[in-house]
Amino acid sequence: MQVLVDTMPMRLEVRRGERIDRRHTFGFTWNGDRYTAYAGDTIVSALAAAGERIFSRSFKLHRPRGLLTASYIDPGCMVQVGDEPNVRGAHRLVESGMTVRAQNAWPTLRFDVKSANQAVGRFLSAGFYYKTFMKPERLWPAYENVLQRFSAGGVVSESSTHGLYDKRYAHPDVIVAGGGPAGMAAAVAAAEAGAAVLLVEEEHELGGHLRWAGPDALDALEKLRAAVAATDGIETMTDSVVTGRYDDNWVAVLQRSLPHVKERLVKARAKTLVAAPGLIERPYVFEGNDTPGVILSTASRRLINMFAVKPGHRAVVFSANADGDAAAADLERAGVEIARLVDARKGEDIVRVSGGKGVRSVECNDGAKIKCDLVVTAVGWTAPTSLTNMSGDRPAYNPHAGRFFPSSLPDDVLVTGGIAGDGNLDQLLEHAHAVGCEAARRSAHIGRRRRAAVPQSNSDEGREGPGDSPVAIPELPIAGHPELFMSRTHGVVDYSEDVGSKDLVAAVKEGYDSIELAKRYTTATMGPAQGKLETVNAVAVVAAATGSTIEATGTTVWRPPFNPISLGALAGRIFEPVMFSPMQPWHEGRRAEPLVAGTWIRPDHYGDPAAEVRNVRTNVGLIDVTPLGKFDLRGPDVPKLLNQLYVNKWSKLGVGSVRYGVMCAEDGVVLDDGVTGRLEPDRYMMSTTSSGAAALWEWMENWLQTEHPEWRVCLTPMTSAYASINVAGPKSRELMRRVAEEIDLSPEEFPYMRVRTGRIAGVDGCFVWRIGFTGELGYEIHVPASYGLHVWTTLIELGADLNVQPFGVEAQRILRLEKGHMIVGQDTDGLTGAYGADLGWAVKLDKQDFAGKRELVWQSENDDYFRLVGLQPVDPSEIPPEASQIIEGTKQIAGRITSSRMSPTLGRSICLGFVAPHLGAPGTTVTVHLPDGRRIPATVMPQLAHFDPDGGRVRG
Amino acid sequence: MMLLPCPHCGPRNSSEFRYVGEGTARPDPGTATIGVWRDYLYTRSNPAGWTTENWFHRAGCRRYFTVERHTVSNAVRASHRPAAQARTTSDPEGLSAGTERGPDAGPG
Ligand SMILES: [Zn+2]
């Protein structure tokens, strides 16, 4: 039954600076009950205003968890919103009608069966995963099943739509990461100095700690926001986060809260990066520190000042600094009774909190036990050194300040704000101003250097000397702070992963005594918060357990991403170009079944591939072979290039002739094959496989540019410049006679393996070569691409009485398999040498040099390679699937099937395959192991061709 | 993603390029032993330090060129056209491009 919760008992009176808009209220549901929020409320602030205190169950032990930081990283506030899991509930703003549910709780948040884990906690100790996944291996599926039920994440809906995710490239001069006072001041200074600035803020508005730090801070905030708005050259992104910094300031920014777009990943190339991430308040480790009602001082100030929510009724404040004292004052003004301010600076300490689903009392080190429902801690700060870490810096610990600082930064990364030091607001702004100016100056310098690296033909602009001398950046004072990490009791260190100080100590005792080892063994710092809250405490616990210091223990490396990125944002939009031939409209009209072949979409068949095969064998067929790689080669040294690329000889190719050639890589492996024809004395046309065309272009350029730049060859890729049509079948000559002009088609004037240029169907500039991949009399017509559809439809119309029919890739594959023509990549793989592929006849080892020659010499002397043979199953109805193994004895692999089809022409199954050397003799019976476990015999044929081995048809 | 200075186009995202590999001289296949040939095919020094390597500007000028890159810091101190090209043109030194981080840049 749905409960209506429309009161906000913890909501305070209107206060200056609150980010909620009380004129607008929204209804939303939490675990099925209806709640009310103001515009500007986060999910958690709205629930806290209604008096809710438990928002999730912890990862392993299923302890109830409340809010801790009241910010994006709050580990206890991950919730499910509709079909979206792991939503940051203390960051995500409430929207009208939102459906919010608790994660990791079963059957309910308040009564969780799995919290029985607390009783069996000793089984979920340090190294739990490693210990669990040892032996016996047969229990792994059982472990996995159990672990899945206990995983912390929400529920992924398999029916969710992808949604619109976006990407953008940006080229700012300066990126400022962090929109607090220092970030804003640095952005303004950099923009005033002429830089294009991208200012990125994780939260929903600029301001950082000024938003909750009292009236003076609010005055300063208004001025800074006005300055940012009034300064040209600043692009501000809020609810956006810099997730990573990579080489040369390649910076990833995840942008949220966009109209019409779920998220956008901005890939920015910045000249300088200013890291101004502020400080993260550190939790305190003591018994019961994860009880709902134990919160950080910044969380209490956010709740009160930004959301007008009273965090509790009676509080104990444990303070080690002025911010803790200010939080106590805030609480008092908000009507919270301060039961005691426990002052760490006077040696006072809190030892444990009692209470299960909420704080009931707290015990101090002087024995006092105080009843309260709220414990606020202020024990110090962590500088998020993530971005500086990603810039190559290893942060250094300063015991005086009780926190880490960046130690050495590259020229193009600067820091300001709390990561650089303390001081009052004026000092902070002065520092940030200087950093912003210097960032702009360095960015101009880097820009000049980059422009100077581009060869210029006319302008000298950009080659001027370096800019002004460096801007003096004042030292920010570093405030002393007690080193305060842990009480004398054990508590939670990593809230996301449910790792306690006890687990870390146990890990050290088991020998994992460096922080990097203890981290991996316990998974501390490896959860959703990624170390922001828990790294330094983990280091302190390990340092104490090893009798070492924090400096000597060091810190773990922060790696990208700073915050999790959704897979949708990484995927972005689909940017995969596809290519169609000019004949595509005709294919679609004939309802061709499309085949995705690399970037090309081709007709696989037009309904019945076997009928298409029969028509080619008896009449005439047309296939669209436009994707064939085609290269125009001109110049006096083309024969030298061909001799270098192919294993065959090319010096004696006459004008008007074509030749089939095989290319090998330098390791003697078959790389590509195709025909090349000589159209004119200094002009050749090369064809390659469709899939190999792009790589072949680079391969040819490599020979021309790096090995033989002295060769005079002009190489132009022509693949999509010509539409290509193969006309195949006994009636193809008759059909060609009806479309060709200027070309004598008689067998004497245009024999097999010749090329002719002329006019086809009225189109000038065509060339035709007479070749026969299908094994039939055939002509391959190449026409300027824009006339492809015209020539194709003309052939179809003029050949109607010859029963011309189109055929697709599948029919072509059957035809060529009947004819025993191998396909590179289908019948060969990355280890197939030219001899193994039965191409030894083409290899001319007496050529002085060609690609792969040295290995082919070796192959010719070592003939223990598997060889490609024609195979026919003894049972003509068995078609062994491609990649079926050929075996010898019970389990020795002795080859494989590379191609197999039912032959419509022969009425039986036919194959190509590789067999071990001693099985290659014609007539040998081999055993083929089928995927269903059966083993069938097959016979090695005398040659690759199953049909017309003498080639009488193709030469006709 | 690092910037790579193409001698023809200037600094561009490394995703525009194809890494060809460490520069190795091709032996004469007529005289090289099979061992020498396989060294050429497969053996690379893979230093943690300065290396001379070839790249191809696939999404740009489609030229092959040579850079000296520090494999730890990704600093590039020289970028020029292939040695064989310099032999046959009027620019015997090759066209030198600017250095992004200066010649002394090493691991941080
Ligand atoms: Zn280029």
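Given the structure is predicted, the values throughout are model-derived calculations rather than measurements. (Residues numbered from 1 in each chain as written. Chains lettered and ligands numbered in written order. Predicted model: local features only at pLDDT ≥ 70, side-chain atom pairs only at ≥ 80, totals over all residues. Heavy atoms only, no water.)

J.: Can you break down the overall build of chain A residue by residue, with the values?
T.: Within chain A, the secondary structure is distributed over 23 helices and 50 strands. On the principal axes, the C-alpha backbone points of chain A span a range of 110 × 70 × 55 Å. Contacts in chain A between residues at least 24 apart in sequence constitute 67% of all its contacts with a sequence separation of at least 6. Taking the 103 positively charged and 115 negatively charged side chains of chain A as two groups, their mean positions are separated by 3 Å. (Helix = DSSP H or I, 4+ residues; strand = E, 2+ residues; numbered from the N terminus. Contact = heavy atoms within 4.5 Å. Lys, Arg positive; Asp, Glu negative; His and termini not counted. Charge placed at Lys NZ, Arg CZ, Asp CG, Glu CD.)

J.: A description of helix α10 (residues 501-509) of chain A should follow, citing residues and the corresponding values.
T.: Residue and element names in this part refer to chain A. All of the buried residues in α10 are S501, D503, L504, A507 and V508. Here the buried residues of α10 occupy an arc of 160° about the axis, which is enough to place them on one side. Within α10, the exposed residues directed more than 90 degrees away from the buried face are K502 and K509. Lining the buried residues of α10 we find β29 (492-494), β30 (499-500), α11 (515-522) and α12 (535-545). One or two steps after α10, the chain reaches G511, where phi turns positive at roughly 105°. (Buried < 20%, exposed > 50% of the residue type's maximum accessible area, 1.4 Å probe, protein only. Arc of directions from axis to C-beta.)

J.: Which residues make up the sheet that holds strand β38 (residues 714-717) of chain A, and what values do they have?
T.: All names here are of chain A. What the five strands build is an open sheet, ordered β35-β36-β37-β34-β38; its pairing is antiparallel. Looking at which strands have only one partner, the edges of the open sheet turn out to be β35 (658-664) and β38. Across this sheet, the average inter-strand angle for adjacent strands is 25°, counted without regard to direction. Of the pairings in the sheet, the one linking β35 to strand β36 (residues 670-680) comprises seven bridges and is antiparallel in character. By the bridge assignment for β36, G661 is matched with G674. Those strands touched by helix α18 (residues 693-707) are β34 (629-634), β35, β36, β37 (683-688) and β38, and its axis lies near 165° from that of β38. (Pairing = 2+ DSSP bridges. Axes fitted to C-alpha atoms, helices over the stretch in contact; angles between N-to-C directions.)

J.: Could you give me a rundown of the coordination of the zinc ion, with the residues and numbers involved?
T.: Ideal geometry at a metal centre gives angles of 109.5 degrees when four donors are arranged tetrahedrally and 90 or 180 degrees when six donors are arranged octahedrally. All names here are of chain B. Coordination of the zinc ion by the protein is provided by C6 (SG), C9 (SG), H57 (ND1) and C61 (SG), with metal-donor distances spanning 2.0 to 2.3 Å. Around the zinc ion, the four donor atoms are arranged such that angles at the metal cover 105 to 114°; this shape is classified as tetrahedral. Look at where the donors of the zinc ion fall in the sequence and you get C-x2-C-x47-H-x3-C. Remark: H57 occurs in the loop between β4 (50-56) and β5 (64-70) and C9 occurs in the loop between β1 (3-6) and β2 (10-13); sequence separation between them is 48 residues. What makes C9 buried here is its relative accessible area of 15%. Given the relative accessible area of 0%, H57 is considered buried. (Donors = N, O, S within 2.8 Å, 3.2 Å for Na, K, Ca; no water. Tetrahedral: all angles 85-135°; square planar, octahedral: opposite > 155°, others 65-115°.)

J.: Residue-level account of the pattern of salt bridges, with values.
T.: Opposite charge on two side chains lets them pair, provided their charged atoms get close. All names here are of chain A. Considering all chains together, one arrives at 62 salt bridges over all chains under this definition. The partner of R520 in a salt bridge is E516, and the shortest N-O contact between them spans 2.6 Å. Here E516 and R520 lie together in helix α11, a separation of four residues that amounts to about one turn. Judged by its relative accessible area of 35%, R520 is partly exposed. R816 is the partner of D827 in a salt bridge, and the nearest nitrogen-oxygen pair spans 2.8 Å. (Salt bridge = Lys/Arg side-chain N within 4 Å of Asp/Glu carboxyl O.)

J.: Give me unusual backbone geometry: which residues, what numbers.
T.: For the bond running from A:P560 to A:P561, omega is -5°, close enough to zero to count as cis. Of note, A:N249 is a non-glycine position whose phi angle comes to about 55°, a positive value. With respect to the helices, strands and loops of the structure, A:N249 is situated in the loop between β13 (240-246) and β14 (250-255). Its relative accessible area of 0% is what places A:N249 among the buried residues. Residues other than glycine seldom take positive phi values, yet B:N74 does so here, at roughly 65°. Within the secondary structure, B:N74 sits in the loop between β5 and β6 (76-80). Judged by its relative accessible area of 13%, B:N74 is buried.

J.: Can you lay out the nonpolar core for me, pointing to particular residues and giving the numbers?
T.: Residues and elements named next belong to chain A. Formed by 54 residues in total, the largest nonpolar core has its most connected members in F28, W30, I43, L67, V100 and L331. Element by element, the count of residues in this core is highest for helix α1 (residues 43-49), at six residues. Counting residues in each nonpolar core, the second largest holds 51 residues, with A177, A190, V251 and L414 among its members. (Core = buried A, V, L, I, M, F, W, Y, C linked by side-chain atoms within 4.5 Å.)

J.: If you had to explain empty space enclosed by the protein to someone new, which residues and values would you point to?
T.: Residues and elements named next belong to chain A. One pass over the structure, following the stated rule, counts five cavities of 30 Å³ or more. Taken as a whole, the largest cavity spans an internal volume of roughly 90 Å³. As for the largest cavity, its lining consists of 14 residues, and the residues nearest its centre are A90, H91, E203, H204 and R302. The calculated volume of the second largest cavity comes to roughly 70 Å³. Lining the second largest cavity are R65, G66, L67, L68, P75, G76, N289, D290, T291, P292, V294 and Y495. In terms of residue class, the lining of the second largest cavity is made up of six nonpolar, four polar and two charged. (1 Å grid on protein atoms, 1.4 Å probe; cavity = no way out; pocket = protein on both sides within 12 Å on 5 of 7 lines; lining within 4 Å. Points joined across faces, edges and corners; volume = space filled by probe spheres on them. Nonpolar A, V, L, I, M, F, W, Y, C, P; charged D, E, K, R; others polar.)

J.: Talk me through the pairing of strand β8 (residues 99-102) of chain A; I want residue IDs and the actual numbers.
T.: Residues and elements named next belong to chain A. What you see with β8 is a clean split: V100 and A102 sit on the buried side and T99 and R101 on the side with no burial. In terms of strand pairing, strand β6 (residues 78-81) meets β8 through three bridges, oriented antiparallel. When the sheet's bridge partners are listed, V79 is paired in β8 with A102.

J.: With reference to specific residues and values, describe the interface of chain A and chain B.
T.: On the chain B side, the residues contacting the 31 residues of chain A number 37 residues. Where chain A abuts chain B, roughly 3,000 Å² becomes buried across the two surfaces, and 49% of that area is made up of carbon and sulfur atoms. The largest contributions to the chain A side of the interface with chain B come from A:E698, A:Q705 and A:R854, which together make up 24% of the buried area. Inspection of the region where chain A meets chain B yields six salt bridges. Between B:R58 and A:E698 there is a salt bridge whose closest N-O contact spans 2.7 Å. Here chain A and chain B share 15 residue pairs in polar contact (both at pLDDT 80 or more) between them. Mapped by element, the contributors of at least two residues to the side of chain A that touches chain B are α9 (425-452), α18 and α22 (853-861) of chain A. By residue number, the principal contributor to the side of chain A that touches chain B is α18(A), which donates nine residues. Taken together, the residues of the side of chain A that touches chain B sort by class into twelve nonpolar, four polar and 15 charged. (Buried area = accessible area lost by both parts, 1.4 Å probe. Polar contact = N/O pair within 3.5 Å; in protein donor to acceptor, adjacent residues only side chain to side chain.)

J.: Give me helix α21 (residues 809-819) of chain A: which residues, what numbers.
T.: All names here are of chain A. Of all eleven residues in α21, ten are buried; the element is thus mostly enclosed. Restricting attention to buried positions, one finds in α21 the residues V809, E810, A811, Q812, I814, L815, R816, L817, E818 and K819. Structurally, α21 contributes buried residues whose contacts are with β31 (593-597), β32 (600-605), α16 (609-618), β33 (620-624), β47 (892-903) and β48 (908-915). Taken from the residues just after α21, G820 is the one with a positive phi, measuring 75°.

J.: Please provide a residue-by-residue account of the domain arrangement of chain A, values included.
T.: Interfaces are frequently sized by the accessible area removed from exposure as the parts join. Residue and element names in this part refer to chain A. When cut into domains, chain A gives domain 1 (2-118 + 145-150), domain 2 (165-279 + 385-461), domain 3 (283-379), domain 4 (485-575), domain 5 (584-816) and domain 6 (854-955). Counting from both sides, the interface comprises 13 residues of domain 1 and, opposite them, ten residues of domain 4. A buried area of about 1,100 Å², summed over both sides, lies between domain 1 and domain 4, and 61% of it is on carbon and sulfur atoms. Considering only the surface of domain 1 that becomes buried against domain 4, F59, R65 and I73 emerge as the three largest contributors, covering 41% of it. Taken together, domain 1 and domain 4 are joined by one salt bridge. R65 is paired through a salt bridge with D498; the nearest N and O atoms lie 2.8 Å apart. Applying the counting rule to domain 1 against domain 4 returns three residue pairs in polar contact (both at pLDDT 80 or more). (Domains from an automatic or database assignment.)

J.: Explain the confidence of the model for chain A to me, and be specific about the residues and the numbers.
T.: Confidence along chain A averages 92 in pLDDT terms, with 94% of residues attaining 70 or more. In the predicted structure, residues 462-466 of chain A sits below a pLDDT of 50 and forms ten contacts with residues beyond four places in sequence or in another chain. (pLDDT = per-residue confidence, 0-100.)

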